[in-house]
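Spelled out from the first residue to the last, the chains are:
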Amino acid sequence: MTQSQVPQGRTSEDIVIKGGKLIDVRGERAGDVLISGGRIVAVGEDLDAHRVLDAGGALVCPGLVDLHTHLREPGTEEAETIETGARAAALGGYTAVLAMPNTTPAIDSASVVKDVLELGRAAMIDVHTSGAITVGRSGEQLAPMAEMADLGVHMFTDDGSGVQSDALMRRAMEYATGLGVTLAQHCEVAALSAGTAMNEGEWSAKLGLGGQPAEAEELMVMRDIALARLTGARVHFLHMSTAGSVDLIAAAKASGLPITAEAAPHHFTLTDACCESYDATFKVHPPLRTSSDVDAVKAGLASGTLDAIATDHAPHTPESKELPFDEAPPGMLGLEYALALAFTELVDGGTMTDADVIARLSWQPAAIAAMGEHGRPIAVGEAANLCIVDPSATWIIDDSGGASRSRNVPYVGRTVRGKVRHTVCAGEAVVIDGEAQQ
Amino acid sequence: MANLLAISDLQSGDIGEIFDVADSMAEINRRRIPKVPTLRGQTVATLFFEDSTRTKLSFDTAARRLGADVMGFSVSSSAVKKGESVRDTIETIEAMGIHAVVVRHRCSGVPLQISRWSDAAVINAGDGWHAHPTQALLDSFTIRNRFGSLDGLNIGIVGDIVHSRVARSNIEAFTKLGARVTLVAPPTLLPARMDWPVEVSHSLDDVLKALDVCYLLRVQNERISEALFPSLREYTALFGLTSRRADQLGPDAIIMHPGPMNRGVEIAGEVAERPNSLVTDQVANGVSIRMAVLFLLLGSPRESLIGSDGEHGDSVSAAPVSAGEGGGSK
């Protein structure tokens, strides 16, 4: 069984996407796209169907793929559910998300994986899940990775925390090579980050908040690079946030190790100065860093050292984000903002092209997560998972939180470029003219 | 000034104004009956999420001497223990009708958060490691009363800087008033990075002779288990103001401590009793400074500090008044 079937109960009619510029791994070209039965059946000039999605002036891309989504179900449904998180994802141009396993209970066994996938089948887009590396994400005993891999789980992580034990991580990597799966690490040495709420630097000094040094992340990046060399495991580095981490990843890739890495929108957009308001909306792990770290993350994405942009969409209720900064939970929303922030910060405020950004939001993460039906070329026979984005539309991010159940948005008031017009998942138009269809 | 959250909210002129009012308050405090009706009818809530007997008493005393009603709130007997949020707590108290709220919390930033949820004047009585502005004002006032001004003075702040809201606020206040500040501590008790306009020394002996003010911070036992220094004995050997070190201070230099003191650790018991130790002056000045802050935040701009019995009124009626809440004279 794969995770990428057309959801039950969806009736898809023939759709034509007209007048857009197609961007995929093969390059850019003009053309209409005709969709029938969940697949692309024609690409070319002057195609027609009963249902027309206008793509005039827009980019038609493979649907975006998020490697790092906290859907909060099971356990914290007041903050998000698979249904609401998937709707937010669809509105953000995503056709697939990878759920993180730090739910309650953790996604650490076949039975929880089945529950999450079952709930995901009713969602607007494809919901894949990762599995925990250790039972209960407690870092003590390997979780049954094989039984989860049998259900299609390809990525394993204890995200929310890193696997602290060197010995356990070594064995997890060795075991993973036998299954052909990828391990993804939240790099944070707990002994160096204990009792901290933000990045260690001039701002933490000024604000009187405990700070964790960049080295709390970088030491675990170093360790896992060494263990990847030892074991040959495929390792994916989650939410890289420091200049030092980017350098370490670049060097490890140059040495030929099979590693990949991602960065989150907030780490190329915001700095630790945001914490000045003591508004816990700006609290996140890893923490917001300095402007030179932001520059390094942007450069890392541009050079390809960082393969993917992943949201780390982390909904929290307003009550929990009103706690004192020290005590509030870390995390911020991202699904509906990532694409526009990437265009704004990495293209307009950086050196990348719109197509470079799409690569890091779509086919590169799809390849890392082995999602065979996503991030594919826009070509006959491929699954119709597409995102149509107006690259010239500018808009101001508001505090509503969009389709999420939560509203911990750290970008309120920012003017950004790039608005998702339509999202097509498995041949069905789930977002039309910026409106979710369920 | 609508709130007092940190020294950074104040200009040096604002601090001078607070000192001028505090001079008048000190005069009231020397009276046989140290009480005026200036804030009669106003309610000041003291909201101490973290215990602090002395600061709470000081604010209580200050508010009562100005004739305000004081609504006390202590966490141990409150709904906070039952899980009530800070926001719900402040909104509940505010619904009872308050004009100012004095907040102490173990977490940095809580007074600022409260100011976003409350229309009352918020006074920070200490938040986490962040700020303790009335402590810095009373310390600066104490130094100013001794030297006439802080301008050009050499002030050493000795001890656990990184975990100290007193240090942060005093660094801001002292430098704003023109003093040269040297932080004296082992590297483990200093922020890893900082952009403050201060000098740093890791040797008290090196800086001692040049100091006009030797300001000692309280050292906490728990820092040993965090591996910030090996033992109290070693701390005292390097950074304690022992009798021998106190002898090396200049003839006009003064010794200060925010209290409570660990005698025999950061300050020798005998040194705390010397004439140039101003620890009790700090406590007395604390009441005057907090009266001044309450007056400037809550007093009507047209109201002067007329004594309750009238007979002392002239001596203080020239006290400057400020547009506090509801003031429209500026």
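Residues numbered from 1 in each chain as written. Chains lettered and ligands numbered in written order. Predicted model: local features only at pLDDT ≥ 70, side-chain atom pairs only at ≥ 80, totals over all residues. Heavy atoms only, no water.

Quick word on the overall build of chain A
Let me state the cut-off plainly: In this description a helix means any DSSP run of H or I spanning at least four residues, a strand means any run of E spanning at least two, and both kinds are numbered starting from the N terminus. For the radius of gyration, the atoms used are the C-alpha atoms, and the globule rule reads 2.2 Å times the number of residues raised to 0.38. Any residue under 20% of the maximum accessible area for its type is buried, any over 50% is exposed, and the rest in between are partly exposed; the area is computed with a 1.4 Å probe on protein chains only. Here, residues are in contact when the closest pair of their heavy atoms is within 4.5 Å. Only the protein chains shown count as cover for residues, and the accessible areas themselves come from Shrake-Rupley with a 1.4 Å probe. Positive charges are assigned to Lys and Arg, negative charges to Asp and Glu, while His and the chain termini are left out of the count. Here the site of a charge means atom NZ of a Lys, CZ of an Arg, CG of an Asp or CD of a Glu.
Within chain A one finds 14 helices and 19 strands. Radius of gyration (C-alpha) of chain A: 20 Å, near the 22 Å computed for a compact globule of 438 residues. Projected onto its principal axes, the C-alpha coordinates of chain A cover approximately 60 × 45 × 45 Å. Out of the 438 residues belonging to chain A, those deemed buried represent 63%. In chain A, of all internal contacts separated by at least 6 residues, the share reaching a separation of at least 24 is 75%. Approximately 14,400 Å² of chain A is accessible, and the part contributed by carbon and sulfur atoms is 50%. When the 31 positive and 59 negative side-chain charges of chain A are each reduced to one mean point, those points stand 4 Å apart.

Some thoughts on the domain arrangement of chain B
All names here are of chain B. What counts here: A domain assignment, automatic or from a database, supplies the domain bounds used here. Two parts placed together each lose some accessible area under a 1.4 Å probe, and adding up what both lose gives the buried area.
When cut into domains, chain B gives domain 1 (7-132 + 282-316) and domain 2 (134-278). Taking the mean C-alpha position of each, domain 1 and domain 2 sit 26 Å from one another. Of the residues lining the interface, 31 residues belong to domain 1; the matching set on domain 2 comes to 29 residues. Taken over both partners, the interface formed by domain 1 and domain 2 buries close to 2,500 Å², and the fraction arising from carbon and sulfur atoms is 58%.

Structural notes on the pairing of strand β16 (residues 386-396) of chain A
All names here are of chain A. Put simply, the test is: For two strands to be treated as a pair, DSSP must find at least two bridges joining them.
With 8 of 11 residues buried, β16 lies mostly within the body of the structure. Sheet analysis places strand β5 (residues 59-62) next to β16, joined by 4 bridges and oriented antiparallel. Within β16, the residue paired with C61 across the bridge is C387. Looking at chain direction, β16 and strand β17 (residues 415-425) are connected through 8 bridges and run antiparallel. Opposite V389, over in β17, you have V420 as the bridge partner.

Brief notes about the sheet that holds strand β5 (residues 154-158) of chain B
Hydrogen bonds between backbone groups are what pair the strands of a sheet, and the pairing can be parallel or antiparallel. All names here are of chain B. In plain terms, the rule: For helices, the axis comes from a line fit to the C-alpha atoms of the stretch in contact; other axes are also lines fit to C-alpha atoms, and the angle between any two N-to-C directions lies between 0 and 180 degrees.
Ordered by their spatial adjacency, 5 strands build an open sheet running β7-β6-β5-β8-β9, and the pairing between neighbours is parallel. In this open sheet, the two strands that pair with only one neighbour each are β7 (199-201) and β9 (254-256). Neighbour to neighbour, the strand axes of the sheet diverge by 20° on average, direction disregarded. Along the sheet, helix α6 (residues 165-176) contacts β5, β6 (180-184) and β8 (213-216); its crossing angle with β5, the most-contacted strand, is approximately 170°.

With respect to the packing of aromatic side chains
All names here are of chain B. Worth spelling out the cut-off: Each Phe, Tyr or Trp ring, with Trp reduced to its six-membered ring, pairs with another whose centre is within 6.5 Å; inter-plane angles below 30 degrees give stacked pairs, above 60 give edge-to-face pairs, and intermediate values give tilted ones.
Tallied over the entire structure, the rule returns 7 aromatic pairs over all chains. Centre to centre, the rings of F229 and Y235 are 5.2 Å apart; their planes meet at 45°, and the pair counts as tilted. Overall, the relative accessible area of 7% leaves F229 in the buried class. Its relative accessible area of 2% is what places Y235 among the buried residues. Ring geometry for Y235 versus F239: centroids 5.6 Å apart, planes at 35°, classification tilted. Of this pair, Y235 and F239 both sit in helix α9 (residues 232-239), separated by 4 residues, roughly a single helical turn. When sorted by exposure, Y235 lands in the same class as F239, which is buried.

Looking at the pattern of salt bridges
Residues and elements named next belong to chain A. This is how the line gets drawn: What makes a salt bridge here is a side-chain nitrogen of Lys or Arg within 4 Å of a carboxyl oxygen of Asp or Glu, nothing more.
On inspection of all chains with the given rule, the structure shows 36 salt bridges over all chains. D166 is the salt-bridge partner of R223, the closest N and O atoms lying 3.2 Å from each other. Residue R223 is located in helix α7 (residues 214-231), and its partner D166 is located in helix α4 (residues 166-179); the two are separated by 57 residues in the primary sequence. Here D307 ties to K253 by a salt bridge, and the two come within 2.8 Å at their closest N and O atoms.

Side note on the packing of α4(A) against α7(A)
Two measures define how a pair of helices packs: the angle their axes make with one another and the distance between the axes. All names here are of chain A. Note the threshold: Should an angle lie under 35 degrees it is considered roughly parallel, over 145 roughly antiparallel, and from 65 to 115 roughly perpendicular; all remaining angles are considered oblique. By definition, any crossing whose near helix is turned counterclockwise from its far helix by less than a right angle is left-handed, and any crossing with a clockwise turn is right-handed. Three classes are used: nonpolar for Ala, Val, Leu, Ile, Met, Phe, Trp, Tyr, Cys and Pro, charged for Asp, Glu, Lys and Arg, and polar for all others, with Gly counted as polar.
At their nearest, the axes of α4 and α7 sit 10 Å apart, and the two run at 45° to each other. Judged on the interaxial angle alone, α7 and α4 are oblique. For the pair α4 and α7, the sense of crossing is right-handed. On α7, the residues that touch D166, M169, R170, M173, E174 and T177 of α4 are R223, D224, L227, A228, L230 and T231. The class makeup of the residues in the contact of α4 with α7 is 5 nonpolar, 2 polar and 5 charged.

A look at the interface of chain A and chain B
Condition: Nitrogen and oxygen atoms within 3.5 Å of one another constitute a polar contact, given that in protein one can donate a hydrogen and the other can accept it, and given that sequence-neighbouring residues count only through two side-chain atoms.
On the chain B side, the residues contacting the 20 residues of chain A number 20 residues. Three residues stand out in chain A for area buried against chain B, namely A:A205, A:Y278 and A:E322, and they jointly supply 32% of the buried area on that side. Remark: the boundary between chain A and chain B carries 3 salt bridges. In this structure, A:E322 engages B:R87 in a salt bridge whose closest nitrogen and oxygen atoms are separated by 2.4 Å. On the surface where chain A and chain B come into contact, there are 8 residue pairs in polar contact (both at pLDDT 80 or more). Partitioning the side of chain A that touches chain B into residue classes produces 7 nonpolar, 5 polar and 8 charged.

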